[in-house]
Amino acid sequence: MKKVETLIIGSGVVAAALSKRLLEKNPNMSILILEAGSRWKTKDFGVWTDWVATGNDPIAPNSGNPMYDHAYPDRNNYIWGENASVGQTQMPLEGGRAMVYGGSTVVWGGWSLRRKPEDFYLYTNTGQGLDWLFNYDELEPYYCQSEDYLAVSGDSKDELPVMWRSQPYPFHAFPYQLQDQPVGEALQSLGYNYMHMPIARRGVSNIPSRHAQCQTTGTCDYCPFGARFAACDYMDDFRQWNDLPNFDVRLGAVVLELRMSSKRRVAGVTYRDTASGEIVEVDADRVIVAAGTLESPKLLLRSKSRYWQNGVGNDTDNVGRYLITHPYVLYSGELAKNPLRLQPEMDFPTLMTRYFDSPEEQAKGKYVLVNISPSVELSYSSMMQAGWTRKEIDKAIPGPWPFQIHSMIEIFGEHKNHISNLERLSHLGMHQSRVDFTAPSTYNDRVAEVGNVVASVMEKMGGKMTSYMTSWRCDHAASTCRMSKDPKDGVVDGDLRVHGVDNLYVCSNAVFPNLGAINPTVTVTAIAFRLGDHLNSAA
Amino acid sequence: MYEAKIQHPLSPPLPTLPEKIEKAMWDLFVAIGPAWELDDDVESYRLRFHVFLQNRLAIYPFYAAYYEAMANFIADLASQKNLKAAYDLIFFGNNPYDLEYSQELLLSVLQKHVSFEFINFRLACGSFRVWGAINYIDYFGGANLKDEPAPYRTAKGLKP
């Protein structure tokens, strides 16, 4: 049986950042990363050309890519499906997470926002949920390291002085696009301040890098250069260019359970090698569960033993509980006129507002508004393929055109919202998920309230809002192993160690007690670096 | 990407089309320009177009059959009327040919896999500029360099 010093379950950004931090201190450390999925080829011009030629996004949720969950079973539409949604609100899993080498960073959008200081004090400020066990000031240096690692382009002055920073963004912000002009002017006239979207697209600096710069190609879902951070590319690079004799990544390794040698010690894991079908045991001095918000608690829950009869860390019934995600709301409208001849030029947003991501909104659920790109849904390709003549296209450009503004709204965890295991296996050989999620009873009022603000923005733009819809997809799922001071309230402590186990950690969005209104990736990367420092200092 | 000749001597040969077929495809790609009154220099795309075809064949070898069928389809239509009429049918659906059902079906397949893809690629090469933008999804606009103009149209009058 093999024994390693550090075993990491999951190969996403946490595995990449954490192993980097550990190996920088001790290049000989034995680290094994186990990933259930396989490798998705990145930076391939043939794949990229196929997308350009056909318009079929190779990583779209409906692409049939095996890295994604299948849709839920649906007898009415003859979908065999997998997983089970048993709550009153369906939280789609397909497309929201990627079970592949590199994890969800293979498919993420790269929006890279820090949490605001008040986001660490939800309970203190509102009486809801829990406070974090560290705050913005403590996490700030790790935010800088995270932004540097993810190669974020942003405006360092945008959020001063509330969100102080010890280092500027590694790359300067992408200037506002022309398509931002009507939205920015509308926000300005309504007194809502706006800012540049910090985005993980590598820019140009004096520091040499082997990673390519963004060429504003606008095919960010599949960057032909690798200018958008993907953990698999960075781990490959890290292994290729350093002498790390004991660093290994094993793909197609579905971890079945954690093996405990006592109540307080994890001995290692048992996994199934999906290629051979072989059941393999690996021992480890410490185990880091970095398998995301859904798989991390499921692994703890199914690791039952005489020491932990309800699953590891679950004596207080918190594992898998408090499941949240961001309701991602698409507000649609019509832009009556298009005098600026706005058209999609990029595939990522450059303007957003965090005006409502504020202490005043915290109790009801903070939110952000993003001028998504493309916000004007004009496509020359579609018009030409439909046989429109040049004259017809020229006539159509001045409008009207459909228009969208998107929003993410914070909701809070409830004990009843729960992720757990099904016995049946998925197409990847993993236990399927039972998702029990019901949206807060106040949500409909809240989304309508946000809609009133968006409607006023669209009106100022000379348009009108026509409809909105919410996607509850699991992209930003969190909180299922939340950190807590008292074991009765959560699963891990402030060092991300599972309460009651000395050498078992969870590092993922699962440990967030709340999400705030923004994307979690910069924060989860920051806490991975912080965990790395903690483990290094304890060694 | 643009270096079509970079190939190790021991690597298998890159897929290529017969010269006559590739020329017919290039002519179709060029014809997109006059059809939509595009004013860009198509000659500057020639090498990229060659690599584009290679990439399509590398992923889908059966595309050689689509390209050959499209070349034959165009030749057949052109012999009945003329080349412009053939392109007008393919691009705009202007149909003076009284096509049989099987030919209409073939046309729709060839449009999907050949001419529609060429339109997309032509726009990605830079033809979109005719409508006023300087960047476009699929186009290599260039890097975001400090103190240099952005590689796309920027907003005016917003706070910096």
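Residues numbered from 1 in each chain as written. Chains lettered and ligands numbered in written order. Predicted model: local features only at pLDDT ≥ 70, side-chain atom pairs only at ≥ 80, totals over all residues.

Asks: Requested: an account of the overall build of chain A, with residues and values cited.
Replies: When helices and strands are tallied, chain A shows eleven helices and 18 strands. Since a compact globule built from 539 residues should have a radius of gyration of about 24 Å, the 23 Å found for chain A is in line with a globular shape. Counting only C-alpha atoms, chain A reaches 75 × 55 × 50 Å along its principal axes. Contacts in chain A between residues at least 24 apart in sequence constitute 73% of all its contacts with a sequence separation of at least 6. (Helix = DSSP H or I, 4+ residues; strand = E, 2+ residues; numbered from the N terminus. Rg over C-alpha atoms; globule rule 2.2 N^0.38 Å. Contact = placed C-beta atoms within 7 Å.)

Asks: Explain the pairing of strand β15 (residues 418-425) of chain A to me, using residue names and the numbers behind them.
Replies: Residues and elements named next belong to chain A. Note: β15 against strand β16 (residues 431-436), five bridges, orientation antiparallel. Counterpart to S420 in the pairing with β16 is R434. Hairpin connection of β15 to β16: five residues between the antiparallel strands, including G429 at a positive phi of 80°. (Pairing = 2+ DSSP bridges.)

Asks: Which residues make up the interface of chain A and chain B, and what values go with them?
Replies: Contact residues are listed per partner, giving 41 residues for chain A and 42 residues for chain B. Counting residues per element, the ones that place at least two in the side of chain A that touches chain B are α2 (45-54), α5 (181-190) and α8 (380-385) of chain A. It is α2 of chain A that provides the largest number of residues to the side of chain A that touches chain B, a total of seven residues. Split into classes, the residues belonging to the side of chain A that touches chain B amount to 14 nonpolar, 21 polar and six charged. (Nonpolar A, V, L, I, M, F, W, Y, C, P; charged D, E, K, R; others polar.)

Asks: For the packing of α2 of chain A against helix α2 (residues 46-59) of chain B, give the residues involved together with the corresponding values.
Replies: At a closest axis distance of 9 Å, the pairing of α2 of chain A and α2 of chain B adopts a crossing angle of 105°. By the angle between their directions, the pair α2 of chain A and α2 of chain B is classed as roughly perpendicular. Facing F45, G46, T49, D50 and A53 of chain A of α2 of chain A, the residues of α2 of chain B in contact are F52, N55, R56, A58 and I59 of chain B. Across the contact of α2 of chain A with α2 of chain B, the residue classes tally to five nonpolar, three polar and two charged. (Axes fitted to C-alpha atoms, helices over the stretch in contact; angles between N-to-C directions. Parallel < 35°, antiparallel > 145°, perpendicular 65-115°, else oblique.)

Asks: Please set out unusual backbone geometry residue by residue, giving values where relevant.
Replies: Residue and element names in this part refer to chain A. Along the chain, L160 connects to P161 via a cis peptide bond; the corresponding omega equals 0°. Looking at the secondary structure, you find P161 in the loop between β4 (153-154) and β5 (171-172). Cis geometry marks the peptide bond from G399 to P400; its omega dihedral reads 5°. Here P400 is to be found in the loop between α9 (390-396) and β14 (401-409). Phi angles above zero are rare outside glycine, and A151 is one such case at about 60°.

Asks: Residues and numbers for helix α10 (residues 443-460) of chain A, please.
Replies: Residue and element names in this part refer to chain A. In a regular helix each residue adds 1.5 Å, so 18 residues correspond to 26 Å; α10 covers 26 Å between its end C-alpha atoms and thus fits that length. Taken together, the buried positions of α10 are R446, V447, V450, V454, V457 and M458. Projected down its long axis, α10 carries its buried residues within an arc of 115°, all on one side. Exposed and facing more than 90 degrees away from the buried side of α10 are N444, D445, A448 and N452. If you follow the buried residues of α10, they end up packed against α5, β11 (328-335), β13 (367-370), β14 and β17 (463-471). In the stretch just after α10, G462 is the one whose phi turns positive, near 85°. (Expected span 1.5 Å × (residues − 1). Buried ≥ 20, exposed ≤ 12 C-beta atoms within 10 Å, placed from the backbone. Arc of directions from axis to C-beta.)

Asks: Tell me what's going on with the sheet that holds strand β3 (residues 84-85) of chain A, and back it up with residues and numbers.
Replies: Residue and element names in this part refer to chain A. Spatially, three strands are ordered β3-β16-β15 in an open sheet, and the strand pairing comes out mixed. In the strand order of this sheet, the two ends are held by β3 and β15, each with one partner. The pairing of β3 with β16 spans two bridges and is parallel. Looking across to β16, one finds that S85 is bridged to V435. Relative to the sheet, helix α7 (residues 292-302) contacts β15 and β16, its axis offset from that of β15 by approximately 70°.

Asks: Account for the nonpolar core, naming residues and giving values.
Replies: Core analysis: the biggest nonpolar cluster contains 200 residues, and I9, L18, V506 and C507 of chain A have the highest contact counts within it. Top element by residues in this core is helix α5 (residues 101-125) of chain B. It accounts for ten residues. When residues no more than four places from it in sequence are discounted, the contact partners of V506 of chain A are V289, S296, C481, V491, V492, L496, V498 and V511 of chain A. (Core = buried A, V, L, I, M, F, W, Y, C linked by C-beta atoms within 7 Å.)

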